[in-house]
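Chain by chain, the residues run as shown.
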Amino acid sequence: MAYASRFLSRSKQLQGSLGVLQQHHAIPVRAFAKEAARPTFKGDEMLKGVFTEIKNKFQAAVDILRKEKITLDPEDPAAVKHYANVMKTIRQKADMFSESQRIKYDIENETKEIPDARAYLLKLKDIRTRRGLTDELGAEAMMFEALEKVEKDIKKPLLRSDKKGMDLLVAEFEKGNKKLGIRKEDLPKYEENLELSIAKAQLDELKSDALEAMESQKKKEEFKDEEMPDVKSLDIRNFM
């Protein structure tokens, strides 16, 4: 395992995975370095507090990753679930949104000024596409069909301020959800499945990048006679 040991000490991908929180806040690590003495200006204490908070969240994430064994096997449901749970713990410690919470935030923030139902549904479609989500059940088409029916009945574009019209639309949505087998009580299950699909995609990306890094190392003279380890055996805790 000499090759595996040296690879782990050099792998840019796995080291880079520690920068997720840093990238999320778009603040370089050097921002956490101790600064030279300088005059105190208005707002300095506030900025210092922000940097300290981000540093603490980043360190909390690293501490969690030091304790957890992550297996780079996106085809193993147990490995995917464990990785999803680790990421969930990190988000909770760092006070970050889950994907479901991020989508909810985007919807609330980006639709609050939209006056009509059609533009609202189009914005939902835009958010779904932007987040890389698929509509496997056909719920999106169902919502637009429901809107068409309601607008045909009221003989005008439906405004969100039209309480009676919106009640009709919601009733049509409920009929469509029933046909599609979508139940409100199943929403937590849908959210969990979303997080698992994201975790699997992230593990797959990590695995691909790790394999690419190993192939690159294998081409170097010092590694040419060594056997490449199974990517599933790699342990990021060895170099944290």
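Cut-offs applied
- Residues numbered from 1 in each chain as written.
- Predicted model: local features only at pLDDT ≥ 70, side-chain atom pairs only at ≥ 80, totals over all residues.
- Heavy atoms only, no water.
- Helix = DSSP H or I, 4+ residues; strand = E, 2+ residues; numbered from the N terminus.
- Buried < 20%, exposed > 50% of the residue type's maximum accessible area, 1.4 Å probe, protein only.
- Contact = heavy atoms within 4.5 Å.
- Areas by Shrake-Rupley, 256 points an atom, 1.4 Å probe, with all protein chains shown as cover.
- Core = buried A, V, L, I, M, F, W, Y, C linked by side-chain atoms within 4.5 Å.
- Salt bridge = Lys/Arg side-chain N within 4 Å of Asp/Glu carboxyl O.
- Phe/Tyr/Trp six-rings, centres within 6.5 Å; stacked < 30°, edge-to-face > 60°.
- Expected span 1.5 Å × (residues − 1).
- Arc of directions from axis to C-beta.

Caption draft 1: Inspection of the overall build of the chain at higher detail. A count of helical and extended segments in the chain gives 10 helices and 0 strands. Shown N-terminal to C-terminal, the secondary structure of the chain runs as helices and strands in the order α-α-α-α-α-α-α-α-α-α. Burial analysis of the chain (240 residues in total) assigns 33% to the buried set. For the chain, contacts bridging at least 24 residues in sequence account for 66% of all contacts bridging at least 6. When the accessible surface of the chain is totalled, it reaches about 15,900 Å², and 53% of it is carbon and sulfur.

Caption draft 2: Molecular detail of the environment of Phe 144. Of note, Phe 144 is situated in helix 8 (residues 139-154). Note on Phe 144: relative accessible area 18%, which makes it buried. Taking the C-alpha atoms as reference, Phe 144 lies 9.6 Å from Ala 117; in sequence the two are 27 residues apart. Apart from the residues within four sequence positions on either side, Phe 144 is in contact with Arg 118, Leu 121 and Leu 122.

Caption draft 3: The nonpolar core, seen in detail. Leu 65, Ile 70, Leu 72, Tyr 83, Val 86, Ile 90 and Leu 203 are the most contacted members of the largest nonpolar core, which totals 19 residues. Element by element, the count of residues in this core is highest for helix 5 (residues 77-94), at 6 residues. Counting 11 residues, the second-largest nonpolar core is a separate cluster that includes Ala 117, Leu 124, Val 150 and Phe 173.

Caption draft 4: Focus on the pattern of salt bridges. Taken as a whole and assessed by the stated rule, the structure comprises 21 salt bridges. Salt-bridge contacts for Arg 130 lead to Asp 126; the nearest nitrogen and oxygen are separated by 3.0 Å. On the criterion of helical spacing, the pair formed by Arg 130 and Asp 126 is a turn pair, its members being 4 residues apart in helix 7 (residues 117-130). Assessed through its relative accessible area of 44%, Arg 130 is described here as partly exposed. Given the relative accessible area of 35%, Asp 126 is considered partly exposed. The shortest N-O distance in the salt bridge between Glu 172 and Lys 175 comes to 3.5 Å. Of this pair, Glu 172 and Lys 175 both sit in helix 9 (residues 163-180), separated by 3 residues, roughly a single helical turn. It is possible to trace a salt-bridge network through shared partners that takes in Glu 99, Arg 102, Asp 106 and Arg 131.

Caption draft 5: Main features of the packing of aromatic side chains. Summed over all chains, the structure comprises 1 aromatic pair. Plain terms: the ring middles of Phe 97 and Tyr 105 are 5.5 Å apart, the flat faces sit at 40° to each other, and that makes the pair tilted. Phe 97 sits in the partly exposed class, given a relative accessible area of 38%.

Caption draft 6: A look at helix 9. Relative to the 26 Å expected for 18 residues at 1.5 Å per residue, helix 9 spans 25 Å between its end C-alpha atoms, a close match to the ideal helical length. Residues of helix 9 that are buried include every one of Gly 165, Leu 169, Glu 172, Phe 173 and Gly 176, and no others. For helix 9, the angular spread of the buried residues around the axis is 105°, confining them to a single face. What points out from helix 9, more than 90 degrees from its buried face, is the exposed set Lys 163, Lys 164, Glu 174 and Lys 178. The elements touched by buried residues of helix 9 are helix 7 and helix 8. Downstream of helix 9 by a residue or two, Gly 181 has a phi angle that is positive, lying close to 80°.

Caption draft 7: Highlighting helix 8. Here helix 8 is 16 residues long and its end C-alpha atoms lie 23 Å apart, about the 22 Å a rise of 1.5 Å per residue gives. Listed as buried for helix 8 are Ala 139, Glu 140, Met 142, Phe 144, Ala 146, Leu 147, Val 150 and Glu 151. Contacts made by the buried residues of helix 8 are with helix 7 and helix 9. Following helix 8 by one or two positions, Lys 155 adopts a phi angle in the positive range, close to 60°.

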